[in-house]
Amino acid sequence: MPALMHLCEVLSMAQEDSLGGFRIDQFVPILLNIIEMGIDPTMMLYACRALTNLVVAAPGCAGALLGHGAAKVLCERLLTLEYIDVAEQCIKALEKLAHEHPTAVLEAGGLAVVLTKYDFFSPPVQRESIAAAASMCHAVPPELFDEHVVSVMPNLIMLLKSRDEKLVEGGYACLSQLVESLHTDEAKLRALASDDLLTLTLATLSGPVSLSPSVYDNVLRMLSRLCLASPHVARILLDKNLPGVLGGMLAATSTASSKSPALSAISSVTSPSRALAACGSPQHVSEIIALADALFPCLPRDLEMPFLMSSVTFFSVVARRYRRGAGAGAPEAPRPLPRVGSPGEEARRHTMERVYNGNSQLLLRVAQALLPAVSTVFTSSNTRMVRLQCLSIINKIVHFATVDVLPQLLENTFASFIAELIASEDDPVIAWVGLAIAESLLQKLPPEVAVPTFLRAGVFFEMEKMTAARAASTVATDATSSPSPPPSFERRDMARPLVIKYASRLLHTHCTDMDPSGSSQFKQLKPLCGQLRAAAQGSLAEDAENACLAALNGLLTAPEGVSTFELLKSTLISDLISYLTSPPTDQAPLCPLALERVLLCRARRFITAFFGDPSRGAADDANVDRECGLVRLVRRLHDLLNKCERFGVALHEVGGAGSAQAAACLKLLTQPFKLQFKRDDSDTTLEDIGIANVLVEPLATIQSVFDWLSQRVSPRPKKAATPPAEGGGPARAASPQAKRQRTVAARRTSARVRVQDEGEEQGAVAVEPSAETITATGGASGSLSSPRLVLRLFGHALPRSGSVVAALQWRLFADSAADASASVPQSPRQAHRLWEQRHELTYSAAKDDQDVYDNEERDDGLPKLMSVESKPLGYFLAHFVPPPVGTRGVEDVARSALSLLTYSAAKDDQDVYDNEERDDGLPKLMSVESKPLGYFLAHFVPPPVGTRGVEDVARSALSLLSVLYVISEEAHTLFKMMGGNMLVSPAEFVSQKLSSKLLRQLQDPFSVCSGALPHWCGTLCARCRFLFPLDLRLLYFQCTSFGIARALHCLHDKAQESGRQFGDFKLGRIPRLKVRVARSRVLESAMKVMELGTYRSVLEVEYFGEPGSGLGPTLEFFTLVSHEFQRLRLEVWHTEEIARQQQQQQQQQQPAAASEATPETEPQSQLAGTDDAGEYVYSLGGLFPKPVNPAQWDALDRERVARGMPPLDTLFFLMGKLVAKALLDQRLLDMRFSDAFLRWCLGEALSLGDLRALRPRFGASLGALADMASADVDALCLDFRVPGEPEWELKSGGTETAVDASNVSEYANAVFGAVFGTGVRRQLLQFRRGFDAVLPLHCLRVFGPSELDALLCGEGGGAAAAWTHDALMDSIECDHGYSHSSQAVKDLVDVLTELPPDDRRRFVLFLTGSPKLPVGGFLALHPKFTVVCKRFDSTFIADHYLPSVNCCFYYLKLPNYSCKEVMRQKLLYTIRNGQGSFDLT
């Protein structure tokens, strides 16, 4: 026994190179004999453990063990199952042996043993057993299948029914390995694919079972192998509706993010499975498409060639056919196309053809299930292989469809999809396949069906566009008539002319009438567009206008509808935009308010025409079906946008694919660039730096390079008189040889510019010079000011903003910039090219005339100042310098035009939509008489998507979508009884294609880290945020605003949620800052914490005298600070004192009613159930700064300091930092900001409606002034002072200026501007300064007001949706003595559902440290809300103990109480009295 123990210890620490002298042939037989004899269980255990350690230390020894019969001995000992410890060790040994030699262990009967005995062991050992079985299934010879596999198939099927997801995954791993091993033997695969197996597999794919994405891919690949090898299996799967399952999976993959029910549920989408909806990776989609493709027989050789050959090879074959005179598109005789690994492919093709040819209804069912989903995947995918797989499926459906099936396929938008294929300019193969599909349809369908459909969809129009390039056709004819094969680059140039020739032949064969006006729909649409133009001009009567809109709605809702092509060729989009946003041109110019009223009337007529009167709701039978014309118009606009947009995705190829690609990219970003600085030849004022190599980290900023360089190239000092040498003689000059040596030494030096640790601000850098040559501050001493420099790369000046890697890649990849007109998919950029070469940068002194337009800051820190007498326009004109557009790519005339348009482009009406903050800090205010919808329509500016990457039609579609979205969102302001619901669901406005592009772009770590995202990403997220689901915009916000370290961690978390590996990256560690604060001085502690300035660190808080620390105390810190900011004594926020007093009286009179208040009516003053609720601000409309008379600001500050209160500037500056820090660290605040404050944060204009929501009585009175009669206004005896503020004059001499009918509008707007403008300007400026110190405030514009409120404050602790029985059961995870069937857990859920709102807030505060839940409720908590059984001393009973909680992990330790009432009493006592301290439990 001691010898065995010593042997196990030695082998456990041994390595393969240290076992060179170990005599395996002597030790192994002895160990196997001990196991086989079975005398002493302890000796058997140590013998098995020694064998296991031996294989782990030296895997090459596994063969020697098997040679001595180790597998047979271990299997026999495992079969006896006498001693559980010995059996477990046998399983571990078999698992190691099977990993090295699976076939030998299989022959010894190992598969049957582990699959029949696994359920006797604990879950970890069960998983090891299944892992051993999977290894044995890796390489199963066909001759061993019947003997060793058939008998265990029932056990494998039982594995698939297990409740343990890991066992289910192991079962599918075994089956996948078996199918891979036997993929050439159809008979054995048919025996393997039993009916029960296929039924369970389909249930797994479509059910709630959650498997990892890699296992899902293996299951899909297994089914593909089965379908390709066995037509019988394919037919069974067709009968079991596998196409319907695949169609649902594809739809879920492409729309999972847009259907995410809550912001916090990004990683917990459960339909149809969490793994499926996790990300929709290209690999996963490719497996689904491959399985769908395997359900069809292969096509003849001609139709398969585009999918099996490269583009150059395919078109070379086509060109050779032209030379043989076969004619464009004329197919040769079909020949069988051999497929690698499928010798029986021809037999399978004939069998599958008989399946489809004899059952048209089956093909129709398959087509209806797959065609819409596959078309959507093709449109939204950026991967060429996935797009070609989608086209292969579509091509097969069309090829095998019969005449009675095809018309039903063309009923939807399939013809428009074919037109989109033909219009593809980036990939001629896709255009060729589109023409082939069109030809197949034209040949099968009658001309009276196919030709009108293609005319309406624009198929022939796209062909005509292609054939218009006659010159290219001529070049193609000359090239193909050459007797010798053209070079490879000429073959690529040949592709497009060949496609044009194919289209020309189809046109001349099938279509002679190119006039789309032949369709009745287009004939009806053209006059309606004319009437809309007349209505926009103001020359159409109101009745005719209503009739026109009603006719348009009827045309859109007709069964035929309006096709995308008809929408494109008509002027409907531009006419609708003009009608809804432009002033009438046939009338006198209108003032802004009159224009708003006109546009509001038009919007009301537009809504009424499409929905009837929405205030009637469902009572209007004509509008019960929400599939109205407006919904169809939105969908057609999205189709048009998908067809015309050319927004590019800038991907970078480093090496590998998927997770390997991400890991390689991150590793590459840790390697420095090699830069070489060279002084410009024309510059003689700066020193020559003389350094050959400067190593610069990729993530360093350009500003850091400027700072480092400016210290070393300061201007040469003037030569001073040479002092006489000692002895009065002249100084001796250095010899040429000495000069040359110094120069060489200087040029051999190198320096390194690096990014500091991740805790520092992004862009902070330090210099690491070579030890012997350069110091960090060398060159800067003795220089009072650094020179203004210009750095150029390839002749282009580099801006100071941005990182080095971003600047280099945009210059080197200028030809394939993401905003170029080339459409997606683009070839990935070879990112490693940036590191393979040395980059030469030239520097020179900046010229004065460049200061007007350069991106550099003044080195002296002084702002650019005009003269006191100067006006901005005069200053601009006097100092005007033409835009520095260079000499390339622009002519003199164009440069002059740009110069003329420079100043006129900046007008006041753009301030509504610009990205810049107002310099004066004032919120944007509407007039008192304005409505939000009318203001938007009157000041509408199209989204600034630029001129590159988007066509005029796509820009118009974006503009109309923006207008329709706002009309749908603000329609409730026109129809009072409608409520706050949108007319059209927000999901209808989400663009799946653009969302897929944005997601794919954000998954590229190189682009995220370098800040080199295409410009359209930020523009569309901010200006057209409705195009993207909320979770995707949140991901963009985190990747672009939180810094590199947090962006990488965000991508890492998303990759883990979807089952992908992001790589073990060391780039971007997030430091943590732990502070200790006093509960009695929370506000003062918060000021000190925020003064530390380490905003990029994750803040962790603990309290003096309390041992607890971590997430719980930190969340409570943010809660307590937010409470302190809402103290009435601080006089920071507006409060409704009268309403607060009335509320307190009602609570005293009816305490029971107050406890049953719904979360929606819960007063703001009731914070976490505190007893001093009267000390807090009360405002039903939310928090908004209290207006302060600007003239009394200084006196107010002195008064506050005298009273021991912080100045308002300090408080709002701290508040800005706190809110930004909470957003950065993803903490929640127990506050409710008003809509007006949130709109100001987003740069939106404020209206009187915001004032009414904040101060209902005051807002209503102010709005009523404009409608009062003259006598009533005079009777009010008002003057130009703010009501309630006698010292606050609205204008000079306001006390003496009475308000009458002539100036009542001026008065109302002045009061509105004082309350929402000048009175809060300074507070909002300080808030913005504080926020900008942590995060840029303008980055919040990717969210709406309600979304921003959810991000900052989450859901109230009493939100009803999170407290239902089903929601709580789904959210709770049970462990350590409890399960969901435990009575204690059921009682807990019942007690929680019955809690009043105040106690719900207390419970959430007790559990998490914050009284607010994130959006999504308990289900959104990470880590999950876990309930465990609390252990206690046996001398007591459970009813004597109180529950406790670990707030950092949301870990509720609940005793097993005797009944529900006892649990209720203990829980209420705990949450009401157990606050205010974090102790150890």
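If you're wondering where the values come from, they're calculated on a predicted model, not measured in any experiment.

A. Layout of the environment of I1471. By the element assignment, I1471 lies in helix α69 (residues 1460-1473). Residue classification places I1471 among the buried residues on the basis of a relative accessible area of 0%. In this structure, the C-alpha to C-alpha distance between I1471 and R1400, residues 71 residues apart in sequence, is 9.3 Å. Beyond its immediate stretch of four places on either side in the chain, I1471 contacts D1399, R1402, F1403 and F1406.

B. Broad picture of the nonpolar core. Counting residues in each nonpolar core, the largest one holds 181 residues, and the members touching the most others are L65, L246, F414, L441 and M463. Grouped together as the second largest cluster of nonpolar side chains are 162 residues, V631, V1077, M1215 and F1312 included.

C. Broad picture of the environment of S206. Looking at where S206 falls in the secondary structure, it is placed in helix α14 (residues 195-206). By relative accessible area, S206 is classed as partly exposed at 42%.

D. Spotlight on a negative patch on the surface. On the surface, E107, E143, D146 and E147 cluster together into a negatively charged patch. By secondary structure assignment, the location of D146 is in helix α10 (residues 142-148). Residue D146 is classed as exposed on the basis of its relative accessible area, which comes to 55%.

E. Looking closely at the packing of helix α2 (residues 24-37) against helix α5 (residues 70-80). Two numbers describe how α2 lies on α5: the axes approach to 9 Å, and their chain directions differ by 25°. Taken together, the axes of α2 and α5 lie roughly parallel to each other. Considering how the two elements wind past one another, α2 and α5 form a crossing that is left-handed. Residue-level inspection shows L32, I35, E36 and M37 of α2 in contact with α5, the latter providing A70, V73, L74 and R77. Grouping the constituent residues of the contact of α2 with α5 by class yields 6 nonpolar, no polar and 2 charged.

F. Region of interest: the packing of helix α35 (residues 572-581) against helix α46 (residues 952-970). Close contact between α35 and α46 brings their axes to 10 Å; oriented N to C, the two are set at 40°. Here α35 lies oblique to α46, going by the angle between them. As for how α35 packs across α46, the hand of that crossing is left-handed. Taken together, the residues of α46 that come into contact with α35 (itself represented by I573, L576, I577, L580 and T581) are S956, A957, S959, L960, V963, L964 and I967. Residue composition of the contact of α35 with α46, grouped by class: 9 nonpolar, 3 polar and no charged.

G. Quick look at helix α28 (residues 447-457). What α28 keeps buried is the set A450, V451, F454, L455, R456 and A457. Taken from the residues just after α28, G458 is the one with a positive phi, measuring 85°.

H. A look at the side chain of E1347. Topologically, E1347 is positioned in helix α65 (residues 1345-1353). Ignoring anything within four residues of it in the chain, the contact list for E1347 reads L1030, R1033 and V1342.

I. Inspection of the pattern of salt bridges at higher detail. Inspection of every chain in the model, using the stated rule, returns 44 salt bridges. Notably, a salt bridge pairs D639 with R636, separated by 3.5 Å at the nearest N-O pair. With D639 and R636 both in helix α37 (residues 629-644) and 3 residues apart, this pair spans about one turn of that helix. D639 gets classed as partly exposed once you look at its relative accessible area, which sits at 27%.

J. Representation of the packing of aromatic side chains within the structure. With the rule as written, the count across this model stands at 34 aromatic pairs. Here R49 stacks its cationic end above the ring of Y46, 5.5 Å away from the centre of that ring. The ring centre of F1258 lies 4.4 Å from the NZ or CZ of R1255, which sits over that ring.

K. Inspection of unusual backbone geometry at higher detail. Between H1422 and the following residue, P1423, the backbone shows a cis peptide bond with an omega angle of 5°. Mapped onto the secondary structure, P1423 falls in the loop between α68 (1397-1408) and β14 (1426-1429). For Q1226, which is not glycine, the phi torsion reads 60° and is therefore positive. Within the fold, Q1226 resides in the loop between α58 (1208-1225) and α59 (1235-1241).

Conventions and cut-offs
Residues numbered from 1 in each chain as written. Predicted model: local features only at pLDDT ≥ 70, side-chain atom pairs only at ≥ 80, totals over all residues. Heavy atoms only, no water. Helix = DSSP H or I, 4+ residues; strand = E, 2+ residues; numbered from the N terminus. Buried < 20%, exposed > 50% of the residue type's maximum accessible area, 1.4 Å probe, protein only. Contact = heavy atoms within 4.5 Å. Core = buried A, V, L, I, M, F, W, Y, C linked by side-chain atoms within 4.5 Å. Patch = residues over 30% accessible without salt bridge, like charges linked within 9 Å, V, L, I, M, F, W, Y side chains within 5 Å. Areas by Shrake-Rupley, 256 points an atom, 1.4 Å probe, with all protein chains shown as cover. Salt bridge = Lys/Arg side-chain N within 4 Å of Asp/Glu carboxyl O. Lys, Arg positive; Asp, Glu negative; His and termini not counted. Charge placed at Lys NZ, Arg CZ, Asp CG, Glu CD. Axes fitted to C-alpha atoms, helices over the stretch in contact; angles between N-to-C directions. Parallel < 35°, antiparallel > 145°, perpendicular 65-115°, else oblique. Left-handed = near helix turned anticlockwise from the far one by under 90°. Nonpolar A, V, L, I, M, F, W, Y, C, P; charged D, E, K, R; others polar. Phe/Tyr/Trp six-rings, centres within 6.5 Å; stacked < 30°, edge-to-face > 60°. Lys NZ or Arg CZ within 6 Å of the ring centre and 35° of its normal.

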